[in-house]
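Chain residues, written in single-letter form:
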Amino acid sequence: MSQVVSDEARAMYNGGAAGLTYWSPNVNIFRDPRWGRGQETPGEDPVLAGTYAASYVKGLQGNNGDRLKVAACCKHFTAYDLDNWNGVDRFHFNAKVSKQDIEDTFDVPFKMCVQDGNVASVMCSYNQVNGVPTCADPNLLKRTIRGQWNLNGYIVSDCDSVGVFYNTQHYTSTPEEAAADAIKAGLDLDCGPFLAQYTENAVTRGLLKEADVNSALANTLTVQMRLGMFDGEPSAQPFGNLGPKDVCTPAHQELALEAARQGIVLLNNRGPSLPLSHLRHRTVAVIGPNSNATVTMIGNYAGVACAYTSPLQGIGNYAKTIHQMGCADVACNDDKLFSGAINAARQADATVVVMGLDQSIEAEFRDRPGLLLPGRQQELVSKVAMASKGPTILVLMSGGPIDVSFAKNDPRIGAILWAGYPGQAGGAAIADVLYGTTNPEGKLPMTWYPQEYVSNLPMTDMAMRSSPNRNYPGRTYKFYKGPVVYPFGHGLSYTNFVHTIASAPKVVTVPLDGHRHSGNATISGKAIKVNHVRCNKLSVGLQVDVKNTGSKDGTHTMLVFSKPPAGHWAPQKQLVAFAKVHVPARSQRRVGINIHVCKFLSVVDRSGVRRIPTGVHNLHIGGVKHSLSLQPATLGVIKS
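What counts and what doesn't
For every chain, the first residue of its written sequence is number 1, and the numbers climb from 1 along that sequence. Where local features are concerned, this predicted model is filtered to residues with pLDDT of at least 70; where side-chain atom pairs are given and counted, the filter is 80 or more; whole-chain, interface and lining totals use all residues. In computing side-chain properties, one takes all heavy atoms of the structure into account and sets aside hydrogens as well as water. Any two strands between which DSSP finds at least two bridges are classified as paired. Secondary structure counts use DSSP, requiring at least four H or I residues in a row for a helix and at least two E residues in a row for a strand, with both numbered from the N terminus. Bear in mind that the domain bounds are from an automatic or database domain assignment. Should any heavy atoms of two residues lie within 4.5 Å, those residues are considered in contact. Each of two parts loses accessible area, computed with a 1.4 Å probe, when they are put together; buried area is these two losses added. A side-chain nitrogen of Lys or Arg and a carboxyl oxygen of Asp or Glu constitute a salt bridge if their distance falls within 4 Å. Defined by distance alone, a disulfide is two cysteine sulfur atoms within 2.5 Å. Note on classification: 1.4 Å probe, protein chains only; a residue is buried when its accessible area is under 20% of the maximum for its type, exposed when over 50%, partly exposed between these limits. UniProt positions are given in the numbering used here, feature names are shortened, and annotations may be inferred rather than shown by experiment. Surface patches are drawn from residues lacking salt bridges whose relative accessible area is over 30%; two like charges belong together within 9 Å, two nonpolar side chains (Val, Leu, Ile, Met, Phe, Trp, Tyr) within 5 Å. Every accessible area reported is derived by Shrake-Rupley at a probe size of 1.4 Å, with residue values counting cover from the shown protein chains alone. Note that His is not counted, nor are the chain ends; the positive residues are Lys and Arg, and the negative ones are Asp and Glu. One atom stands in for each charge, and that atom is NZ of Lys, CZ of Arg, CG of Asp or CD of Glu. It is the directions from the helix axis to the C-beta atoms whose arc is reported. Only the stretch in contact is used when fitting a helix axis, every axis being a line fitted to C-alpha atoms; angles between N-to-C directions are given from 0 to 180 degrees. Note on angle classes: values under 35 degrees are labelled roughly parallel, values over 145 roughly antiparallel, values of 65 to 115 roughly perpendicular, and the remainder oblique. A clockwise turn of the near helix away from the far one marks a right-handed crossing, whereas an anticlockwise turn of less than a right angle marks a left-handed crossing. Think of it as three bins: nonpolar holds Ala, Val, Leu, Ile, Met, Phe, Trp, Tyr, Cys and Pro, charged holds Asp, Glu, Lys and Arg, and polar takes everything else, Gly as well.

Asker: Would you explain the sheet that holds strand E7 (residues 132–133) in this entry?
Answerer: Within a beta sheet, neighbouring strands are joined by backbone hydrogen bonds and run either parallel or antiparallel to one another. The three strands are arranged E4-E6-E7 in an open sheet whose pairing can be described as mixed. Each end of this open sheet is capped by a strand with a single partner; those strands are strand E4 (94–95) and E7. Here strand E6 (residues 128–129) pairs with E7 via two bridges, running antiparallel. Bridged to Gln128 within E7 is Pro133.

Asker: Hey, could you run me through the domain arrangement of the protein chain in this one?
Answerer: Interfaces are frequently sized by the accessible area removed from exposure as the parts join. Domain annotation for the protein chain reports domain 1 (21–228), domain 2 (248–442) and domain 3 (495–634). When each unit is reduced to the centre of its C-alpha atoms, the spacing between domain 1 and domain 3 is 31 Å. Contacts between the two partners involve 10 residues from domain 1, matched on the other side by 11 residues from domain 3. Each partner contributes to the roughly 930 Å² buried at the junction of domain 1 and domain 3, and carbon and sulfur atoms together form 58% of this total. Per-residue buried area on domain 1 facing domain 3 is highest for Val47, Gln100 and Glu103; these three make up 50% of the total on that side. Where domain 1 meets domain 3, there are two salt bridges. Linking Asp116 and Lys599 is a salt bridge whose minimum nitrogen-to-oxygen distance equals 3.6 Å.

Asker: Just checking my understanding: could you explain the state of the cysteines for this structure?
Answerer: Under the counting rule described, the total for this entry stands at six disulfides. Disulfide pairing is shown between Cys159 and Cys191; the S-S distance is 2.0 Å. Looking down the S-S bond of the Cys159 and Cys191 bridge, the torsion is 80°, so its handedness is right-handed. On the criterion of sequence distance, the pair formed by Cys159 in the loop between strand E8 (154–157) and helix H6 (161–167) and Cys191 in the loop between helix H7 (175–185) and helix H8 (194–204) is long-range, its members being 32 residues apart. On the basis of relative accessibility, which here comes to 34%, the residue Cys159 falls in the partly exposed class. Ordinal numbering of bonded cysteines along the protein chain defines a disulfide pattern of 1-2, 3-4, 5-6, 7-8, 9-10, 11-12. The structure places no disulfide on Cys73, whose sulfur is separated from the nearest cysteine sulfur, that of Cys74, by 6.9 Å. Residue classification places Cys73 among the buried positions, given a relative accessible area of 0%.

Asker: Can you walk me through the UniProt feature "domain: Fibronectin type III-like" (unreviewed entry) in the protein chain in this structure?
Answerer: This chain's UniProt record puts "domain: Fibronectin type III-like" (unreviewed entry) on residues 556–625. Between the end C-alpha atoms of residues 556–625 there is a gap of 18 Å, over a span that is 6% helix and 60% strand.

Asker: What am I meant to see in a positive patch on the surface here?
Answerer: On the surface, a cluster of positive charge is made up of Lys142, Arg143, Lys184 and Lys209. Within the secondary structure layout, Lys184 lies in helix H7.

Asker: What is the right way to read the environment of Asn130 from this model?
Answerer: Of note, Asn130 is situated in the loop between E6 and E7. Remark: the alpha-carbon pair of Asn130 and Ala196, spanning 66 residues in sequence, is separated by 28 Å. If we skip the residues at most four places from it in the chain, Asn130 touches Asn94, Ala95, Lys96 and Val97.

Asker: Before we go on, may I ask you to explain helix H5 (residues 139–148) in this structure?
Answerer: Note on helix geometry: an α-helix contains 3.6 residues per turn, so any two residues three or four positions apart are oriented the same way. For H5, the full list of buried residues reads Leu140, Leu141, Thr144 and Ile145. The buried residues of H5 occupy an angular sector of 120° when the element is viewed end-on, so they sit on one face. Along its buried surface, H5 packs onto strand E1 (74–77), strand E5 (121–124), E8 and H7.

Asker: Please clarify how the packing of helix H2 (residues 46–61) against helix H4 (residues 108–115) should be interpreted in this entry.
Answerer: What describes two packed helices is the angle between their axes and the distance between those same axes. H4 packs onto H2 with a crossing angle of 30° between their chain directions and a minimal axis gap of 8 Å. As the angle between them shows, H2 and H4 are arranged roughly parallel. In the crossing of H2 with H4, the sense of the turn from one axis to the other is right-handed. When H2 is examined against H4, the residues Pro46, Val47, Ala49, Gly50, Thr51, Ala53, Ala54 and Val57 are found in contact with a partner set consisting of Val108, Pro109, Met112 and Cys113. Residues of the contact of H2 with H4, tallied by class, amount to 10 nonpolar, two polar and no charged.

This is the structure in structure tokens:
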């Protein structure tokens with residue numbers, strides 16, 4: 001997808017209709033299910049978000065060494081996942097975060113983005129972290145992003161971040177101090193006018209050295225050079241031949257459809273009710289505020305779509321449709337349109353209700369108050385299901401999770417699909433899944449919680465781990481143990497997959513770096529500091545057989561979780577690998593999985609130090625478990 005984005009971006013740049021720096025992807029952790037911008041992110045798991053980030057960035061930037069096709073940007077650094085909740089907004093919010101959670105959760109995708117994706121830019125956020133605005137924090141910008149992670153590129157502010165920490169957070173007493181603080185902290189580029197207005201005075205007043213300004217300038221100019229902006233006539237350069245013919249090509253539109261198909265998650269399938277039959281379900285009632293959605297499907301931060309296929313149009317390619325909105329919009333404030341929807345359901349062979357959210361409910365600067373369907377949507381679904389002559393299928397469009405326990409528990413609702421915001425071809429993809437042309441393969445990238453989960457959980461509490469003594473439930477599948485509507489990684493198929501571990505080591509030796517003299521510090525409490533380990537090629541190889549025991553070809557997303565043998569500060573389990581495999585009906589495929597021990601089998605202690613717990617790690621793949629023992633190998637002077 002990102003290769004296509006950068007092809008079209010270059011084409012539009014050549015036509016004078018676009019630039020070459022793209023402030024994408026958003027890799028903040030989807031920490032709280034109410035977050036309005038969760039829709040932009042890859043989900044709640046740090047490793048998943050980081051893997052996505054690195055892949056997306058590589059596609060955007062191309063693989064031509066230091067030269068860039070376009071410059072990507074991982075944003076918003078860091079611990080940034082609150083927009084406007086209960087009177088607290090992102091411009092005033094001070095995120096109080098432990099070293100453990102920073103290292104373990106919030107920084108992981110950014111680190112992978114810089115180190116594995118080699119991203120050209122990182123954006124600092126509006127909020128403060130532990131009392132310091134991120135765009136004025138040298139520990140975050142200079143020491144971490146540029147120092148430890150070796151960013152090759154520039155650091156940019158979120159739009160007017162420097163103005164925000166001066167005017168709104170009153171972090172400095174003069175605007176010149178704000179400009180000086182930002183540049184000295186490692187900020188290279190200001191999205192907004194603030195640095196242009198105040199930097200020169202900051203230098204004149206001796207708050208800032210001209211060398212600091214030059215260094216920021218060098219970082220931004222270097223990226224422009226890597227983009228080829230100083231190489232003369234653009235048409236003679238790489239990508240110079242891209243133009244209008246390369247935008248909205250049939251291949252690109254087909255990819256949009258394929259991405260939408262792969263992203264749809266089958267949450268429930270009672271009976272099974274899906275797939276629908278061409279013979280039995282010839283007339284379909286298509287109901288709901290998102291039933292004929294177009295712009296809603298592309299979510300936020302989208303360009304202009306080539307063309308739209310709404311759910312109504314998609315289903316219309318398979319069956320005769322009777323269309324009723326049921327609600328005027330997703331707010332669904334009254335029942336004026338209910339009777340038409342109920343009548344449609346009575347007449348049709350099957351009923352598809354397309355419900356959910358849109359940007360009026362969840363968006364930038366708009367967090368949700370709760371997790372239920374808005375207004376009277378739930379009532380509409382239940383009444384339609386009661387009246388429906390045939391099966392009722394609930395299709396949800398949303399970025400964030402929705403508590404649809406009522407539908408999960410309603411025997412009249414045959415199946416539930418989550419389409420996310422599926423893009424321009426979303427309606428075609430939904431119809432392909434409903435009628436079984438496509439076998440669903442998507443998995444939930446975030447936990448779907450019941451409404452009670454958020455009822456007394458402040459969005460402002462950043463702690464990831466649960467704390468029973470203060471009645472705090474913890475966040476994400478890694479730390480929350482309570483009831484869920486659907487778990488992280490959930491997603492059904494029209495066929496059945498069985499896993500068998502073909503080969504996997506039972507013991508792995510962790511080689512210690514022989515130059516360390518402090519034995520106790522290295523192996524304390526049965527956990528070895530990662531920086532005391534020879535990590536380089538240290539990985540665990542597994543071979544897993546995936547068998548499709550059903551009668552339909554299918555693509556399976558295999559998730560590998562590890563349960564580490566550490567204290568109660570460790571996650572209950574964590575995602576360590578994932579792979580997609582296409583398996584034809586009644587056949588088997590072998591999948592090789594490699595797990596980097598230092599990166600993925602480590603945990604972070606209370607002081608924010610990453611360690612590898614020694615002893616038995618339980619790997620879970622579907623219903624299969626494998627025990628793996630990690631043992632320190634003592635080299636040189638280290639004694640365990």
